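Here are the chains, one letter per residue:
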Amino acid sequence: MKKAFATAVLIAAVMLTGCGGETSSTPSEIIVTGGNTAEAEQGIFPVKLPDGTEIKSEPERIASLSPAATEILAELGYSDRLCAVSRYCDYPEGLPEVTAGSSENPDIDKLTELSPDVVFTMSALAEREMYTLDSAGITVVTLSAPKTLEDFGKLYSTAAEVFSGSEAGDSAAEKAVSALKSSASGVELGTFIYVTPKLTAAGSDTFESAVLSLCGRNLCAGGGYAELPGETEAPQYIIAADSLSEADISGNTAYSGMISSGAKVLFVPAERFERPSARLSEVFKSLSGQLSGSVTAE
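Computed from a predicted model, the values in this text were never measured in an experiment.

1. Some points on the overall build of the chain
Each helix and strand in the chain was counted, giving eleven helices and 14 strands. Within the chain, buried positions represent 50% of all 298 residues. Within the chain, counting contacts between residues at least 6 apart in sequence, those at least 24 apart form 58% of the total.

2. Describing the nonpolar core
Grouped burial of nonpolar side chains is what soluble globular proteins tend to show. The biggest cluster of nonpolar side chains holds 69 residues, and the ones touching the most others in it are Phe 120, Ile 239 and Leu 287. For this core, the element with the most residues is helix α5 (residues 149-164), which contributes eight residues. Apart from the residues within four sequence positions on either side, Leu 287 is in contact with Val 187, Leu 189, Leu 212, Ile 239, Leu 266 and Val 268. With 13 residues, the next largest nonpolar core counts Ala 63, Cys 83, Ala 84 and Leu 133 among its residues.

3. Quick look at the layout of surface pockets
The computed volume of the largest pocket comes to approximately 660 Å³. Every residue lining the largest pocket is counted, 29 residues in all, and those nearest its centre are Ala 145, Phe 273, Glu 274, Arg 275 and Pro 276. At the level of secondary structure, the elements contributing two or more residues to the lining of the largest pocket comprise α2 (67-75), α7 (207-212) and α10 (271-274).

4. Side note on the pattern of salt bridges
A side chain with one charge can pair with a side chain of the opposite charge if their charged atoms come near. Overall, the coordinates contain seven salt bridges when judged by the stated rule. When the shortest N-O distance is used, the salt bridge between Lys 110 and Glu 113 registers 3.7 Å. Placement of both Lys 110 and Glu 113 in helix α3 (residues 108-114) is noted, with a separation of three residues, approximately one turn of the helix. Lys 110 sits in the partly exposed class, given a relative accessible area of 24%. A relative accessible area of 59% means that Glu 113 is categorised as exposed. Between Arg 272 and Glu 271 there is a salt bridge; the shortest N-O distance is 3.4 Å. A relative accessible area of 35% means that Glu 271 is categorised as partly exposed.

5. Observations concerning the packing of α5 against helix α6 (residues 166-184)
The angle between the axes and the distance between the axes are what describe a pair of packed helices. It is the contact of α5 with α6, at a shortest axis distance of 7 Å, that shows an interaxial angle of 145 degrees. Crossing handedness for the pair α5 and α6: right-handed. Contacts from Leu 149, Phe 152, Gly 153, Tyr 156, Ser 157, Ala 160, Glu 161 and Ser 164 of α5 reach α6 at Ser 166, Ala 168, Gly 169, Asp 170, Ala 172, Ala 173, Ala 176, Val 177, Leu 180 and Lys 181. Within the contact of α5 with α6, the residues separate by chemical class into ten nonpolar, five polar and three charged.

6. A short note on the packing of aromatic side chains
Under the criterion given, the structure shown has five aromatic pairs. Aromatic side chains Phe 152 and Phe 207 sit 6.2 Å apart centroid to centroid with 35 degrees between the ring planes, which places their arrangement in the tilted category. Of this pair, Phe 152 sits in helix α5 while Phe 207 sits in helix α7; the two residues are 55 residues apart in sequence, bridging distant segments of the chain. For the pair shown, Phe 152 and Phe 207 are each scored as buried. Site record: aromatic cluster; members linked through ring pairs are Tyr 78, Phe 120 and Phe 163.

7. Describing the pairing of strand β9 (residues 190-195)
One face of the sheet, then the other: side chains in a regular strand alternate in exactly this way. Counting buried residues in β9 gives five out of six residues, a clear majority hidden from the surface. In terms of strand pairing, β9 meets strand β11 (residues 216-218) through three bridges, oriented parallel. Bridge assignment links Phe 192 to a residue of β11, and that residue is Asn 218. As defined by bridge partners, β9 adjoins strand β13 (residues 237-241) across four bridges and the pair is classed as parallel. Across the sheet, the residue bridging to Val 195 is Ala 240, located in β13.

Scoring rules and cut-offs
Residues numbered from 1 in each chain as written. Predicted model: local features only at pLDDT ≥ 70, side-chain atom pairs only at ≥ 80, totals over all residues. Heavy atoms only, no water. Helix = DSSP H or I, 4+ residues; strand = E, 2+ residues; numbered from the N terminus. Buried < 20%, exposed > 50% of the residue type's maximum accessible area, 1.4 Å probe, protein only. Contact = heavy atoms within 4.5 Å. Core = buried A, V, L, I, M, F, W, Y, C linked by side-chain atoms within 4.5 Å. 1 Å grid on protein atoms, 1.4 Å probe; cavity = no way out; pocket = protein on both sides within 12 Å on 5 of 7 lines; lining within 4 Å. Points joined across faces, edges and corners; volume = space filled by probe spheres on them. Salt bridge = Lys/Arg side-chain N within 4 Å of Asp/Glu carboxyl O. Axes fitted to C-alpha atoms, helices over the stretch in contact; angles between N-to-C directions. Left-handed = near helix turned anticlockwise from the far one by under 90°. Nonpolar A, V, L, I, M, F, W, Y, C, P; charged D, E, K, R; others polar. Phe/Tyr/Trp six-rings, centres within 6.5 Å; stacked < 30°, edge-to-face > 60°. Pairing = 2+ DSSP bridges.

Here it is, written out as C-alpha cells:
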C-alpha cells in the first residue's frame, strides 16, 4: 500500500449540509481528510482492530460491500479511495460505477481483479472467500450491525481506525454518537412502540429501540422483533416503518386497540435503521415535522 502525504485531521461539520466541493451531498458529522505523513504512520501502523484484523499501513484503495459502510466511509472523507461499491450503494453522489456484489454475495473475482488494499463489509464473508482475498493481499474489515448507540459509534471508530489509528477512531465514534443525540434533541415522544415493515414490534434490545429511546420510552420490553403481547400498555405514539400504511396499522388487532386508546401513528424512514449512518438524523427530522404538523404522514 502506498502512503498518503497529509496529516490526519478530525473535524465536526454542520449536520447533513456536506463539506463543499465535490462531496457537497455527503452528510458530514465527521470528516477525516488526507492521510498520515511517513513519520506519523510509523507510529500508528500496524493497527490491530478489536477483532484481531491487522492493518499494516494506511489503505489507498478500498472497496465497500455495504451501503452503510459506503456512507460512513464517505462521511469520514474517504469516498475518493473507493474503487468499487456494492450493487445496492446509491448514496452519496459520485460513487464508482464499478460494483462488486454485496456483503451477502461478494464478487470475489472482481475484487481480486481490482486488488483494493481493504474491503469493508457488514456481514462476515465465507471462509473460502476470506482465504481467496487474503491470498491476494486484500484485507477484509467487517463492521458489525449495531444494536446499541455504542455499537453505532463502533462503526465509525473501526472505519476511522483503519486509516488513522485508535485515537482517530475514538474521536470519530464520539462525534458520531454526539451528532445523533443532537439530532434527537427537541423531539419528545413520551412512550412509543416501533412497528417494523413486517408489522412486528421492536423490543428493547434492538437498534430501532436504542435510537428512538433518545426521545422517548419503548413500551415493548421484550427482546428482538415479535408480535406484541396482549397486555402491552397503549403508548402515546406508534412509530411505524414508512413502507407501511395507516390501513396496515389499523388492520392489526393489537395496534388498532392502541389507536382506539389514543395512540397516534407516525411514520419514519425505516431504511435509515437498516443503513446506519449519519442519515439516521432523518428519522428525527421526520418525527419533528409530523409532531409539529409541518409534515403529513402518508
